[in-house]
Amino acid sequence: MSKPQSDVDKRKQISVRGIAQLEDVNEIKKDFNRHLHYTLRVYYLSLEYYMGRSLQNTMINLGIQTACDEAMYQLGLDIEELEELEEDAGLGNGGLGRLAACFLDSMATLGMPAYGYGIRYEYGIFAQKIRNGEQVEEPDDWLRYGNPWEKARPEYMIPIHFYGRVIDTPEGKKWVDTQTVFAMPYDNPVPGYGNNVVNTLRLWSAKSPIDFNLKFFNDGDYIQAVLDRNLAENISRVLYPNDNFFEGKELRLKQEYFMCAATLQDIVRRYKASKFGSRDAVRTSFEDFPNKVAIQLNDTHPSLAIPELMRILIDDEKLSWEKAWDIVVRTCAYTNHTVLPEALERWPVSMLQSILPRHLEIIYHINFLHLQEVEKRFPGDFGRMRALSMVEEDGEKRINMANLSIVGSHAVNGVAAIHSEIIKKDIFKCFYEMTPEKFQNKTNGITPRRWLLLCNPGLSDLIAEKIGDEWPVHLEQLQELKKWSKDPTFQRAVARVKQENKLKLAQLLEKDYGVKVNPASMFDIQVKRIHEYKRQLLNCLHIITLYNRIKRDPTANFTPRTIMVGGKAAPGYYIAKQIIKLICAVGNVVNNDPIVGDKLKVIFLENYRVTLAEKIMPAADLSEQISTAGTEASGTGNMKFQLNGALTIGTLDGANVEMAEEMGNENIFIFGMTVEEVEDLKCRGYNAYDYYNSNPDIKQCVDQIQGGFFSPGNPQEFQDLANVLLKYDRYYLFADFDSYIKTQDRVSAVYQDQSKWLEMSINNIASSGKFSSDRTISEYARQIWGIEPSWEKLPNPGVAK
């Protein structure tokens, strides 16, 4: 069901510029609070927020970085040393969490009254150590010294219920005999760029409800009580590493419901506290709830918000089912982030029955009414009913959370044009045919403040000299740089900035890895989660091919490369860990071969994270975006590299497609099969041995991998990887190998023509405007939430009214 236009019109009446958290803005808050009951608030629900460090970003957004830097300098201190002491807030696995962080930045910069909601994990994404060429996980105890950015809000602590049973009463259903855990909110400021707006990221921490009585101190029950308290607080203890293979885990389900239940109760509390929500002295009116509240579900992790809001409206607020469902659908919207079927959440019914019995009843009834509508539209089409049902009956009975999210939302979006088409034509084809008006595309973006202004000040200054200083909030202005793409003077200036960034990274690599790299070599970089579909293994085959070429003819003309691969493998993902081990083993052979010298170096970047990315992106020459076409939803690393002037070698997958459209195919290195060609190959049947037997380079690489060339101490070390390549490869590496190698040869040739390379680099930077998260959020605001973004600046909080 789509939102009526009248709702959108009402939402656009007033757009308050955020809710400041600083104590000295009381006068401004008074001025705006009189409008609050008219204003829609956006609530972004995400189980991950990969925020990184906050100090430098906050100084930049507040416009005080230069003043702080100067003040520290006069005290004889280096502000960079202070910045290095801050822990990364690694509350995410990768793209999903980093996207959420960029979106928060953009919502504040666009002056939207928006809140982020998530979990305050005590341990974030694990710290990765490489020992003997293998990934070892260490806990990320990021809170051990506290978090200066957060403020605990115990006055808003909320009880969350689990287990129990459902009974019928004269007043309706009642969920009783539950176990209670408290959700303690911690608020983190999210400053907008140069507009005096500060929004809030509220993270929930699990607290036990158990109070201790000292008379039990010498009683065994006291010890058990302490242990039970720890068990309750485990809910927010650790972030689950994402391996894109969903497995039903009780703790994960509890985390998801914990976040949704606390957030929904908080949203309803805030709505009821507003003048509009409490206009009825006896009972709150929820008539305008969808006009005042927009809830965005970041993937299926927060999908339990749908039955939870139904539970609150029906059981607590005593609304009819029909009225409650209308409110829920008009309020909620769902973003899909994956096309991999195995990554979609499916919770076992038995687990839901035990942990959330009332919610299972609600889901069953939602599904019952939904299937009645399906039967009306498509009478007797039982195959379609099976595909559209939230309840899957093959094997263990499960609830498909993506299906629930689609039915319970008024808008469903993919995160790149090609991805949105795939979900309409394939993954959710039947849903699209039933409710095509729900489906939209919102191509992802990145915040230019962190990913250019903060991490690449040299390039930022150069851009500002040419086009002024409004581009950080109007990234489309970068297109003006195209007129200087062939200008030798500007090219030299861009090259100088790039070389300075490369020298800094080279120093870091020598210091941290003991590998001396050639700063004049091409910095060829692939950084992202380690996963088979992202095809780090294809990159490794190219490395081996280059090594073999050098060994065959050391005197041949060769474009020097420093190839860097970084990313974390989920702890239980064996093949991903083997890929890391192989890259490290290949690097060990290549880097210690005197014949190779500085023509080729291979480095696996340990513990890839936001802070390291801020050093890597500005120094990159070549960005590897080589996933199998049709598997990467969007990607945002590709955008960060492009914005910093790296050229892309990639498939027509995710946002690569739109990047190529923006810059023109002449400024990007596209290779490999299209989505249609991948599907055709899948239908015809893929036999890796056909390529192995016909391509000498492939055969040599595979024989070296499985013959122990890179693992002389254990010749069978990488046999499992060889088996993946030859027998179990779902991502068709060999089918794209020849195209990839030929395109890499073209990359090498262009790199030797630095004038051409720099022209392409400048055109990449100039074509980055579309990929600002400000543009993405503006589209969400106008087309899904019904609120108008604004660049209006609030008065300075230090100036009295």
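Everything quoted here is computed from the prediction, not taken from an experiment.

Participant: What's the story with the UniProt feature "modified residue: N6-(pyridoxal phosphate)lysine" (unreviewed entry) in the protein in this structure? I'm lost.
Facilitator: Mapped onto this numbering, the UniProt entry gives "modified residue: N6-(pyridoxal phosphate)lysine" (unreviewed entry) at Lys 640. Structurally, the position occupied by Lys 640 is in helix 24 (residues 637–643). With a relative accessible area of 7%, Lys 640 lands in the buried category. If sequence neighbours within four positions are ignored, Lys 640 has contacts with Arg 98, Ile 446, Trp 451 and Met 617.

Participant: What is the right way to look at helix 6 (residues 95–109) in this model?
Facilitator: For an α-helix, the turn length of 3.6 residues means that residues three or four places apart are oriented alike. The terminal C-alpha atoms of helix 6, which comprises 15 residues, lie 21 Å apart, in line with the 21 Å expected from a rise of 1.5 Å per residue. Extensive coverage of helix 6 is indicated by the burial of 14 of its 15 residues. With its phi angle positive at about 70°, Gly 111 sits one or two positions after the end of helix 6.

Participant: I keep staring at the sheet that holds strand 15 (residues 346–348) and nothing clicks. Help me out?
Facilitator: Strand-to-strand pairing in sheets goes through backbone hydrogen bonds, with the strands running parallel or antiparallel. Taken together, three strands build an open sheet; the order of strands is 15-17-16 and the sheet is antiparallel. Each edge of the open sheet is held by one strand with a lone partner, namely strand 15 and strand 16 (391–392). Sheet topology note: the strand 16/strand 17 (residues 398–400) ladder contains two bridges and is antiparallel. Within strand 17, the position partnered with Glu 392 by the bridge is Arg 398.

Participant: Sorry if this is basic, but what is going on with the packing of helix 6 against helix 32 (residues 773–785) here?
Facilitator: Packed helix pairs are characterised by how far apart their axes lie and by the angle those axes make with each other. At a minimum axis separation of 9 Å, helix 6 and helix 32 run at an interaxial angle of 75°. Put simply, helix 6 runs roughly perpendicular to helix 32. Across the interface between the two elements, Cys 102, Phe 103, Ser 106 and Met 107 of helix 6 pack against Ser 773, Asp 774, Thr 776, Ile 777, Tyr 780 and Trp 785 of helix 32. Considering only residue class, the contact of helix 6 with helix 32 consists of six nonpolar, three polar and one charged.

Participant: Hey, could you run me through helix 20 (residues 488–513) in this one?
Facilitator: Between the first and last C-alpha of helix 20 there are 36 Å, a value that for 26 residues agrees with the 38 Å anticipated at 1.5 Å per step. For helix 20, the complete set of buried residues consists of Phe 490, Gln 491, Ala 493, Val 494, Val 497, Lys 498, Asn 501, Lys 502, Leu 505, Ala 506, Leu 508 and Leu 509. Just downstream of helix 20, Gly 514 is the residue with a positive phi angle, here 65°.

Participant: Help me understand unusual backbone geometry, please; the structure alone is not making it clear to me.
Facilitator: As a rule of thumb, non-glycine residues mostly have phi less than zero, and peptide bonds are mostly trans rather than cis. Its identity is not glycine, yet Tyr 163 carries a phi of approximately 60°, on the positive side. With relative accessibility at 17%, the residue Tyr 163 sits in the buried group. Although it is not a glycine, Asn 607 adopts a positive phi angle of roughly 55°. Relative to the elements of secondary structure, Asn 607 occurs in the loop between strand 22 (600–605) and helix 23 (610–616). Classification of Asn 607 by relative accessible area gives buried; the value is 14%.

Participant: Got a minute to help me understand the packing of helix 19 (residues 457–467) against helix 20 in this structure?
Facilitator: In the contact formed by helix 19 and helix 20, the axes pass within 9 Å of each other and the chain directions differ by 160°. By the angle class used here, helix 19 and helix 20 are roughly antiparallel. Judged by the sense of rotation from one axis to the other, the crossing of helix 19 with helix 20 is right-handed. Contacts from Gly 458, Leu 459, Leu 462 and Lys 466 of helix 19 reach helix 20 at Phe 490, Ala 493, Val 494 and Val 497. Its residues assigned to classes, the contact of helix 19 with helix 20 shows six nonpolar, one polar and one charged.

Participant: I tried to follow the pattern of salt bridges on my own but got confused; where do I start?
Facilitator: Pairing is possible between side chains that carry opposite charge, provided their charged atoms lie close to one another. Following the criterion strictly, the structure yields 55 salt bridges and no others. One network of salt bridges, with partners in common, ties together Arg 153, Glu 155, Asp 187, Arg 202, Asp 266, Arg 269 and Arg 270.

Participant: I keep staring at the confidence of the model for the protein and nothing clicks. Help me out?
Facilitator: Caution applies to low-pLDDT parts of the model: their predicted coordinates are not meant to be read in detail. Summary statistics for the protein give a mean pLDDT of 91 and a share of 91% for residues scoring 70 or more. Confidence drops under pLDDT 50 across residues 1–38; counting only partners more than four residues distant or on other chains, this segment forms 80 contacts.

Participant: It is not clear to me how a negative patch on the surface should be interpreted in this structure. Could you clarify?
Facilitator: A cluster of acidic residues, Asp 69, Glu 70, Asp 78, Glu 80 and Glu 81, forms a negative patch on the protein surface. Within the residue set of the negative patch, elements represented by two or more residues are helix 4 (65–74) and helix 5 (79–85). Looking at the secondary structure, you find Asp 69 in helix 4.

Participant: Just to check I follow, could you spell out the pairing of strand 13 (residues 293–298) for this structure?
Facilitator: Counting buried residues along strand 13, six of its six residues qualify, which places the element largely inside the surrounding structure. Alternating residues of strand 13 divide into Val 293, Ile 295 and Leu 297 and Ala 294, Gln 296 and Asn 298, and every residue in both groups is buried. Sheet topology places strand 1 (residues 41–45) next to strand 13; five bridges connect them, and they run parallel. Paired with Tyr 43 across the two strands is Ile 295, which belongs to strand 13. Relative to strand 14 (residues 332–335), strand 13 is paired through four bridges, and the arrangement is parallel. Along strand 14, the bridge assignment pairs Asn 298 with Thr 335.

Participant: It is not clear to me how the sheet that holds strand 21 (residues 561–566) should be interpreted in this structure. Could you clarify?
Facilitator: Judged by pairing direction, the sheet is parallel, and its six strands sit side by side in the order 22-21-20-23-24-25 without closing on themselves. Each of the sheet's edge strands pairs with one partner strand only, and the pair in question is strand 22 and strand 25 (669–670). Across four bridges, the pairing between strand 23 (residues 622–625) and strand 24 (residues 647–650) is parallel. Residue pairing for strand 24: Leu 622 is matched across the bridge by Leu 647.

Parameters at a glance
Residues numbered from 1 in each chain as written. Predicted model: local features only at pLDDT ≥ 70, side-chain atom pairs only at ≥ 80, totals over all residues. Heavy atoms only, no water. UniProt positions renumbered as here; feature names shortened; annotations may be inferred. Helix = DSSP H or I, 4+ residues; strand = E, 2+ residues; numbered from the N terminus. Buried < 20%, exposed > 50% of the residue type's maximum accessible area, 1.4 Å probe, protein only. Contact = heavy atoms within 4.5 Å. Expected span 1.5 Å × (residues − 1). Pairing = 2+ DSSP bridges. Axes fitted to C-alpha atoms, helices over the stretch in contact; angles between N-to-C directions. Parallel < 35°, antiparallel > 145°, perpendicular 65-115°, else oblique. Nonpolar A, V, L, I, M, F, W, Y, C, P; charged D, E, K, R; others polar. Left-handed = near helix turned anticlockwise from the far one by under 90°. Salt bridge = Lys/Arg side-chain N within 4 Å of Asp/Glu carboxyl O. pLDDT = per-residue confidence, 0-100. Patch = residues over 30% accessible without salt bridge, like charges linked within 9 Å, V, L, I, M, F, W, Y side chains within 5 Å. Areas by Shrake-Rupley, 256 points an atom, 1.4 Å probe, with all protein chains shown as cover. Lys, Arg positive; Asp, Glu negative; His and termini not counted. Charge placed at Lys NZ, Arg CZ, Asp CG, Glu CD.

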